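Topology and contacts: notes
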Amino acid sequence: MNLQADDIRSGAPDGAPIPKSDLDAIVVRFAGDSGDGVQLLGSQFSQETALVGNSLATFPDFPAEIRAPTGTTYGVSAFQINFGSRPIKTAGDQPDVLVALNPAALMVNYKGLRKGGLVILDAGAFKDKDIKRAGFAVDPRTDGTLKEFRVMEIDISAQALEVAKPFGVSQKEALRTKNLWVLGLVSWMYDRELKSTMEYIARKFGAEDPIGKANLAALNAGHAYGETHELSGDVAPVSMPSVKVEPGTYRLVSGAESLAWGLAAGAQLAGLEMVLASYPITPSSPILHILARMKQYGVTTFQAEDEIAACCAAIGASYGGKLGVTASSGPGIALKTEAIGLAIGTELPLVVVNTQRGGPSTGLPTKTEQSDLFIAVFGRNADAPMPVIASRSPCDCFEVAIEAVRLATKYMTPVMLLSDGYIANAAEPWRIPSMADYAPFKVEFRKDPEGFHPFVRDEKTLARAWAIPGTPGLMHRIGGIERDYNSGNISYDAANHQKMTDTRAAKINNIADDIPEQSVEIGEAKGKLAVVGWGSTFGPINRAVANMRAKGHDVSHIHIRHIWPLPRNLGALLKSYEKVLVAEMNNGQMLQLLRGQYLVDAKGLLKVSGQPLKISEVEDAIRAQLASA
Amino acid sequence: MNVQSPTEKLTAKDFASDQEVRWCPGCGDYAILKAMHKSLADMGVRPENTVFISGIGCSSRFPYYMATYGFHTIHGRAPAIATGLKLSRPELDVWMVTGDGDALSIGGNHLFHALRRNIDINILLFNNEIYGLTKGQYSPTSRVGQRSPSTPMGSVDSPAEPCVFALGCNARFVARGIDVQAKELGELFSRARAHKGASFVEIIQNCIVYNDAAFAGFTEKAVAADMQLHVKHGEKMLFGKERNKGLKLNTQTFALEVVTIGENGATEADILVHDEKNKVIANLLVGLRPPRFPEVLGVIYCDPAPSYEAAVAAQDAAARAKGPGDLDKLMRAGNTWQVS
Ligand SMILES: Cc1ncc(C[n+]2csc(CCOP(=O)(O)OP(=O)(O)O)c2C)c(N)n1
Ligand code: SF4
Ligand SMILES: [Mg+2]
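Residues numbered from 1 in each chain as written. Chains lettered and ligands numbered in written order. Predicted model: local features only at pLDDT ≥ 70, side-chain atom pairs only at ≥ 80, totals over all residues. Heavy atoms only, no water.

This part covers the overall build of chain B. For chain B, the count of helices and strands is 11 helices and 12 strands. Judged by the C-alpha coordinates and their principal axes, chain B covers about 95 × 50 × 50 Å. Burial statistics for chain B: of 340 residues in total, 53% are counted as buried. Partitioning the contacts of chain B with sequence separation of at least 6, the portion at a separation of at least 24 is 66%. Looking at chain B as shown, the accessible area adds up to about 14,500 Å², and 55% of this sits on carbon and sulfur atoms. Positive and negative charge centroids in chain B, built from 36 and 36 side chains respectively, lie 3 Å apart. (Helix = DSSP H or I, 4+ residues; strand = E, 2+ residues; numbered from the N terminus. Buried < 20%, exposed > 50% of the residue type's maximum accessible area, 1.4 Å probe, protein only. Contact = heavy atoms within 4.5 Å. Areas by Shrake-Rupley, 256 points an atom, 1.4 Å probe, with all protein chains shown as cover. Lys, Arg positive; Asp, Glu negative; His and termini not counted. Charge placed at Lys NZ, Arg CZ, Asp CG, Glu CD.)

Right, here's the structure in full:
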């Protein structure tokens, strides 16, 4: 068949042909069984794509099951990448190309494909029983199910088996090279270099391993298949020019990586060693895994017996004069709340990383959501304020982590850092910063006994003195019981409790003077409509607002990083628009916060499907807002 | 704030904080506190290097009354906080004070893990077999039939035995003392501190308000000699007013028996010699309960093993042996590309 590269692009109206010269972005979705190596395929393709200088965003979409029975729809793993020669901000609303390695992968994903898009199928995986198991009554290749798409059938399984033959690997191992065969083919289609993947295979298996050799052969065979089969002829591979970006050294980075590095960087800027205490939970665990390998960077990690212990151990570490950090998700964050209250009461620094996932309870562990805003801002007994900041993207995690450490140590307070499952797993090109670009914020421990008590405060920040065990002359006691403002000793006095409650609130509110004023991402600082977002919805909102402005609509994008305290000018800014639309992946938590804080009649675009917000969804909501009176 | 020079010899008073002690008059906690003040002075420790960490309960108020560093935390979680502190500052002397409810009810999980990890902290469990602070409900160590506000007809669940629990968690140091036995307690504190790894000390503590005389069966003067066995490493396990009673191992049943020398053919040779490192015997000793047996006191088991924080520090040090890591380099490792 002919591979009509001209038709493959993102943002193209369904089925509409677009001249080849306009091709500036493509969305490809790889899908297969959880054992098919789809995530590796996706991340290697991303790596190759980054190395040719395209902009890109990825969306790994895992099943919750580790090894679901083969061929089931709930065992389908997918990886979506949007790449192009213009700045890419989301993983793409609709794939232009779907690679389906079995019928179940087709079943789960074909409806999302753009009309006129290309489906690449492994014909070898379409046996009758596989088709039935995926839930198709009849073979979808024959009954018109795929009539709106162009379909390219290749017996990838047979190809992989054939290629692997000379290396004497088992049939099972041979079939597992399918992902690299596909990578070879798709790399040919988009003119990517195979070098980084070849190096990866060499690193993983070593030069002599027959399995490594089979994988390498599959990669080359997939590429050669594109070159030599009927795919050649009238179809030249699509090559995409690199995107214009700031000069510098770049790499691909996932949110979990950049967050872990940002924490280590923050600790370094504070002049502290760091103790990360954590209990494994999806999608937070990669932070623990990455930091566990960073001991030489002054990091100690502790896998605690549960999330309560993890939070408590982090508090113990901060009490001892290191930076205590704990990381978790969903149910684990719920377990930490009592201990966070202790850190608030005893005014100890602590960073709590919350990689949000779908809930309530176990909810959707592998899917993304932004529904922990309330627990972050309000989720503790009593009046227990703490700063909350949210990352917008994988790259942004680095900056936000440093900021979290700065606030925690400067104000002697726990800080909650909100990330989410999408950010943690997605990867994007990152202009690697230099540590020298960041101003240090060295912590000074209290040494001087003169006038000391544990709750003696800095006049400006209201932060209490940090005096650590081992310091002669500063022995003192702290605890969860209310403390006297003037001595730090236990106090049940009524007026004192009022004063301490007010002081704790004032200390956190003061942080609003120490963070940037709210800016407008795109558009004017007043007008018809502001779309407000926070966290990982940055990309789709930003693109949607840009698209709508290009069409002449009066709409602006406001993105909130500091969730608590909110920037000083935010209320006035919101009131300068006729309408405010809050777009978020929860049932209206930021919406309620803004309505409550500023009495603005904001409306919500609320989505809780476990899938990221789409550009088109935001555009539709903008249209509806602008159309309504 | 008074600063002592590190060479100055400190007295018990130097370890008492300026805070008014607020336990009920006659509470066993006072005696333990006093023993600790004296013991720390005797050991010659530096108050600035000593930290007391507690959970919640009457017993957990302890740190407020120590002129050392102190952290009164949350219910049941002291082992986790102490673990974090010790991981960050292995050189500190960390003591943990907890109650039977704090340690074995809400905090059972954390205590288990602190013991099995063998983190180098000294754990003092004040066992009064009651929830003191919350006004007298039965606790996990209360004996069956304990009447309390929450069990008006008597408790029905089988109690936990702190020392049995500790040994079951693979604790490497298990000891037991009585609140009012200051001299013996002082020795236990000193042994616990000297032991590298988690040291577990159960302290029998009388709650005069909610569970008075719960331990009278072996603490009353009249019965003490006959009902207390103070074990000492390398010495025969003898007790009784005449020191003519002792423990013998029945090799048929593998159980311990109380025998009286000179009765039923028992001789001094039958009496077991206490070996702190013998875990089999330790397991039998912690299972003995009055009134059938004497209360076993002293260091029941002590067999050091590498401690957790030392092993963690060794890994950290090995990783850092080649010098501190350079984050700029780390972030640039692997596949990168230049844009000019
Ligand atoms: C999370 C939580 N639950 C319940 C309590 C109430 N509480 C405080 S102390 C205590 C029991 C204390 O008993 P124990 O540990 O035996 O100490 P004691 O007072 O007997 O020394 C309870 C239930 C609390 N402080 N925190
Ligand atoms: S209630 Fe009991 S344990 Fe608590 S202080 Fe009073 S006597 Fe002591
Ligand atoms: Mg008690």
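Residues and elements named next belong to chain A. Where helix α17 (residues 538-550) meets helix α20 (residues 615-627), the closest approach of the two axes is 8 Å, and the angle between their N-to-C directions is 50°. What the angle tells us is that α17 and α20 run oblique. The two elements α17 and α20 meet at a crossing, and its hand is right-handed. Here Pro540, Ile541, Arg543, Ala544, Val545, Asn547 and Met548 of α17 come into contact with α20, specifically with Ile615, Val618, Glu619, Ile622 and Arg623. Residue composition of the contact of α17 with α20, grouped by class: eight nonpolar, one polar and three charged. (Axes fitted to C-alpha atoms, helices over the stretch in contact; angles between N-to-C directions. Parallel < 35°, antiparallel > 145°, perpendicular 65-115°, else oblique. Left-handed = near helix turned anticlockwise from the far one by under 90°. Nonpolar A, V, L, I, M, F, W, Y, C, P; charged D, E, K, R; others polar.)

Our next topic: the sheet that holds strand β15 (residues 477-479) of chain A. With mixed pairing, nine strands are arranged side by side in an open sheet as β15(A)-β2(B)-β1(B)-β3(B)-β4(B)-β6(B)-β5(B)-β11(B)-β7(B). One side of each edge strand has no neighbouring strand; the edge strands of this open sheet are β15 of chain A together with β7 (228-231) of chain B. Direction aside, neighbouring strands of the sheet carry axes that sit 20° apart on average. Judged from the six bridges that link them, strand β4 (residues 122-127) of chain B and strand β6 (residues 199-204) of chain B form a sheet pairing that is parallel. Along β6 of chain B, the bridge assignment pairs Leu125 of chain B with Glu202 of chain B. Running over the sheet, helix α11 (residues 307-319) of chain A touches β15 of chain A together with β1 (50-54) and β2 (69-72) of chain B and is turned about 155° from β2 of chain B. (Pairing = 2+ DSSP bridges.)

Turning next to the site of ligand 1. All names here are of chain B. Around ligand 1 lies a shell of 17 residues, among which Cys58, Ser59, Asp100, Gly101 and Asp102 are the nearest. Ser59 is positioned such that a nitrogen or oxygen atom in its side chain is 2.7 Å from an oxygen atom of ligand 1. Within the contact set of ligand 1, an oxygen atom lies 2.9 Å away from a backbone nitrogen or oxygen of Gly101. Here the shell around ligand 1 takes four residues from helix α3 (residues 100-106), the largest share from any one element. (Near = heavy atom within 4 Å. Polar contact = N/O pair within 3.5 Å; in protein donor to acceptor, adjacent residues only side chain to side chain.)

So, about the side chain of Glu347 of chain A. With respect to the secondary-structure elements, Glu347 of chain A resides in the loop between α12 (330-346) and β11 (350-356). Setting aside its immediate chain neighbours within four residues, Glu347 of chain A contacts Leu342, Met412, Phe455, Arg457, Leu462, Arg464, Met500, Arg504 and Lys507 of chain A.

Quick look at the packing of helix α9 (residues 255-270) of chain A against helix α14 (residues 396-411) of chain A now. All names here are of chain A. Interaxial distance between α9 and α14 falls to 7 Å at its minimum, and their mutual angle equals 35°. Handedness of the α9/α14 crossing: right-handed. Taking contact as the criterion, the partners of Gly255, Ser258, Leu259, Trp261, Gly262, Leu263, Ala265, Gly266, Ala267, Leu269 and Ala270 in α9 are, on α14, Cys397, Phe398, Ala401, Ile402, Val405 and Thr409. Looking at the contact of α9 with α14, its residues break down into 12 nonpolar, five polar and no charged.

Moving on, we come to helix α1 (residues 38-51) of chain A. Residues three or four positions apart in an α-helix share a direction because the helix packs 3.6 residues into each turn. For α1 of chain A, spanning 14 residues, the distance from its first C-alpha to its last is 20 Å, which sits close to the expected 20 Å at 1.5 Å a residue. For α1 of chain A, every residue scored as buried is listed here: Val38, Gln39, Leu41, Gly42, Gln44, Phe45, Ser46, Gln47, Glu48, Thr49 and Ala50 of chain A. (Expected span 1.5 Å × (residues − 1).)

Every residue lining ligand 2 is accounted for by Trp23, Cys24, Cys27, Cys58, Asn128, Gln205, Cys207, Ile208, Val209 and Tyr210 of chain B. Across the shell around ligand 2, the residue classes tally to eight nonpolar, two polar and no charged.

When a metal holds four donors in a tetrahedron, each ideal angle between them is 109.5 degrees; when it holds six in an octahedron, the ideal angles are 90 or 180 degrees. All names here are of chain B. Surrounding the magnesium ion (ligand 3) are the protein donor atoms Asp100 (OD), Asn128 (OD1) and Ile130 (O), which sit 2.1 Å from the metal. All donor residues of the magnesium ion (ligand 3) come from one chain, and their arrangement in sequence is D-x27-N-x1-I. Of the two residues, Asp100 is situated in helix α3 and Ile130 in the loop between β4 and α5 (162-168); the sequence distance between them amounts to 30 residues. Overall, the relative accessible area of 2% leaves Asp100 in the buried class. (Donors = N, O, S within 2.8 Å, 3.2 Å for Na, K, Ca; no water.)

A few words now on the state of the cysteines. All names here are of chain B. According to the stated counting rule, one finds zero disulfides over all chains in the structure shown. We note that Cys302 lacks a disulfide partner, and the nearest cysteine sulfur, in Cys163, lies 14 Å from it. Its relative accessible area of 9% is what places Cys302 among the buried residues. (Disulfide = S-S within 2.5 Å.)

Taken together, the contacts link 74 residues of chain A with 59 residues of chain B. For the pair chain A and chain B, the summed buried surface comes to about 5,700 Å²; carbon and sulfur atoms form 60% of the total. Viewed at the interface, chain B and chain A are joined by two salt bridges. Glu273 of chain A is the partner of Arg320 of chain B in a salt bridge, and the nearest nitrogen-oxygen pair spans 3.9 Å. In terms of residue count, α11 of chain A provides more of the side of chain A that touches chain B than any other element does, eight residues in total. Classifying every residue of the side of chain A that touches chain B gives 43 nonpolar, 21 polar and 10 charged. Across three bridges, β15 of chain A lies against β2 of chain B in parallel orientation. (Buried area = accessible area lost by both parts, 1.4 Å probe. Salt bridge = Lys/Arg side-chain N within 4 Å of Asp/Glu carboxyl O.)

Keep in mind these values describe shape, not function.
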